[in-house]
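Breakdown of the fold
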Amino acid sequence: MVWLGSHLSFSGGYESMGQTALRMGEDTFAFFTRNPRGGKAKAPDGEDAAALETLMAEAHFGPLVAHAPYTMNLCSDKPSVRTFAEDMMADDLRRMAMLPGHFYNFHPGSHVGQGLENGITMITEALNRVISPTMTTTVLLETMAGKGSEVGGSFEELREILDRLDHPEKVGICFDTCHVWDGGYDIVGDPDGVLTAFDAIIGLDKLKAVHFNDSKNPCGSRKDRHEKLGQGCIGEEALKRLLRHPALDGRPFILETPNDEAGYCEEIAVMRQWLAE
Ligand code: FE
Ligand code: FE
Ligand code: ZN
């Protein structure tokens, strides 16, 4: 079985997100740990987090997939931006400890012309400073579309990051269907081939979560524009196949499609129907 959820607003706090998820037919969800553009996080509230834990246990939720702000760039060419990113991640991970055992997903970064090698070095050095061997959160590197100077647009680049970590057991991958497709992996024509390549290069045991999106653009476009399920270039048939693919079983599937709450509800219902067929 898989768990289904969408991105939810953190504005009402932890328990409120759980209640929203339940109402929407979800058994996992994603949320931004702070304003997606960066900036201050809410003060931690242990009671609220505990209430969410209770709700999730009673409703048999799967692991949550928290998302770091988009602007967090561990391999910026500006030292102040790198430090800010690292401090944000360290702070997010401290707050994630109130919800033990979930996922914290982030975009590896953009090297902005400094070169892939330098980018990977900066990312791994920062991760080695903020990741502790005792933490219960698993940090996820997101597969990227390879837009601009984004690091993580190929499975090899993600492998390279994992290889240089002091605690690789604390780090996994979030497989974003729109990004992988935009990055040039043909999940429509050859999904088995793409997942076999992922397994050979990274290992499917490292694939911890899926961002489930259609794409506005063709394979290899490197654009990163999400689309509603079945309305983009990936299409319903290919998405259905991925949702039901045995290699992706047991993972949380998170919608990041351009939708409001009602739209997400509809897509969750469609996904449940695909799973039941
Ligand atoms: Fe993302
Ligand atoms: Fe994503
Ligand atoms: Zn994206």
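Preceding this section is the structure that the text describes.
Reference entry: report on the structure contained in this document. (Residues numbered from 1 in each chain as written. Chains lettered and ligands numbered in written order. Predicted model: local features only at pLDDT ≥ 70, side-chain atom pairs only at ≥ 80, totals over all residues. Heavy atoms only, no water.)

All right, on to the coordination of the iron ion (ligand 2) then. Surrounding the iron ion (ligand 2) are the protein donor atoms Glu-142 (OE), Asp-176 (OD), His-211 (ND1) and Glu-256 (OE), at 2.0 to 2.2 Å. Here the donor residues for the iron ion (ligand 2) map to a single chain with the spacing E-x33-D-x34-H-x44-E. Between the two metals, the iron ion (ligand 2) and the iron ion (ligand 1), the spacing is 3.2 Å, and Glu-142 donates to both. Note that Glu-142 is positioned in strand β6 (residues 138-142) and Glu-256 in the loop between β12 (252-255) and α9 (261-276), a separation of 114 residues in sequence. Assessed through its relative accessible area of 0%, Glu-142 is described here as buried. (Donors = N, O, S within 2.8 Å, 3.2 Å for Na, K, Ca; no water. Helix = DSSP H or I, 4+ residues; strand = E, 2+ residues; numbered from the N terminus. Buried < 20%, exposed > 50% of the residue type's maximum accessible area, 1.4 Å probe, protein only.)

Every second residue of strand β4 (residues 103-106) is oriented toward a common face, with Phe-103 and Asn-105 on one face and Tyr-104 and Phe-106 on the other, all of them buried. Of the pairings in the sheet, the one linking strand β3 (residues 65-67) to β4 comprises three bridges and is parallel in character. Bridging from a neighbouring strand, His-67 pairs with Asn-105 of β4. In terms of handedness, the path from β3 via helix α3 (residues 79-96) over to β4 forms a crossover that is right-handed. As paired strands, β4 and β6 are joined by four bridges and run parallel to one another. Looking at the pairing, Asn-105 lines up with Leu-140 of β6. (Pairing = 2+ DSSP bridges. Right-handed = clockwise from strand over helix to strand, strands pointing away.)

All right, on to the coordination of the iron ion (ligand 1) then. Around the iron ion (ligand 1), the donor atoms from the protein are His-67 (NE2), His-107 (NE2) and Glu-142 (OE), and they sit 2.1 to 2.3 Å away. Expressed as a motif, the donor residue spacing for the iron ion (ligand 1) is H-x39-H-x34-E.

Turning our eyes to something else, we now look at unusual backbone geometry. Residue His-60 is not a glycine yet carries a positive backbone phi of 55°. Looking at where His-60 falls in the secondary structure, it is placed in the loop between α2 (46-58) and β3. Residue Val-112 is not a glycine yet carries a positive backbone phi of 40°. With respect to the helices, strands and loops of the structure, Val-112 is situated in the loop between β5 (109-110) and α4 (116-130).

Right, let's get into the packing of aromatic side chains. Here the structure, examined in full by the defined rule, presents 10 aromatic pairs. When the ring of Phe-29 is compared with that of Phe-31, the centres are 6.1 Å apart and the planes differ by 45°; the resulting orientation is tilted. Taking relative accessible area as the criterion, Phe-31 reaches 3% and is therefore assigned buried. In textbook terms, an aromatic cluster arises when at least three aromatic residues are bridged by ring pairs, as seen for Phe-10, Tyr-14, Phe-29, Phe-31 and Phe-61. (Phe/Tyr/Trp six-rings, centres within 6.5 Å; stacked < 30°, edge-to-face > 60°.)

Geometry only, nothing functional implied.
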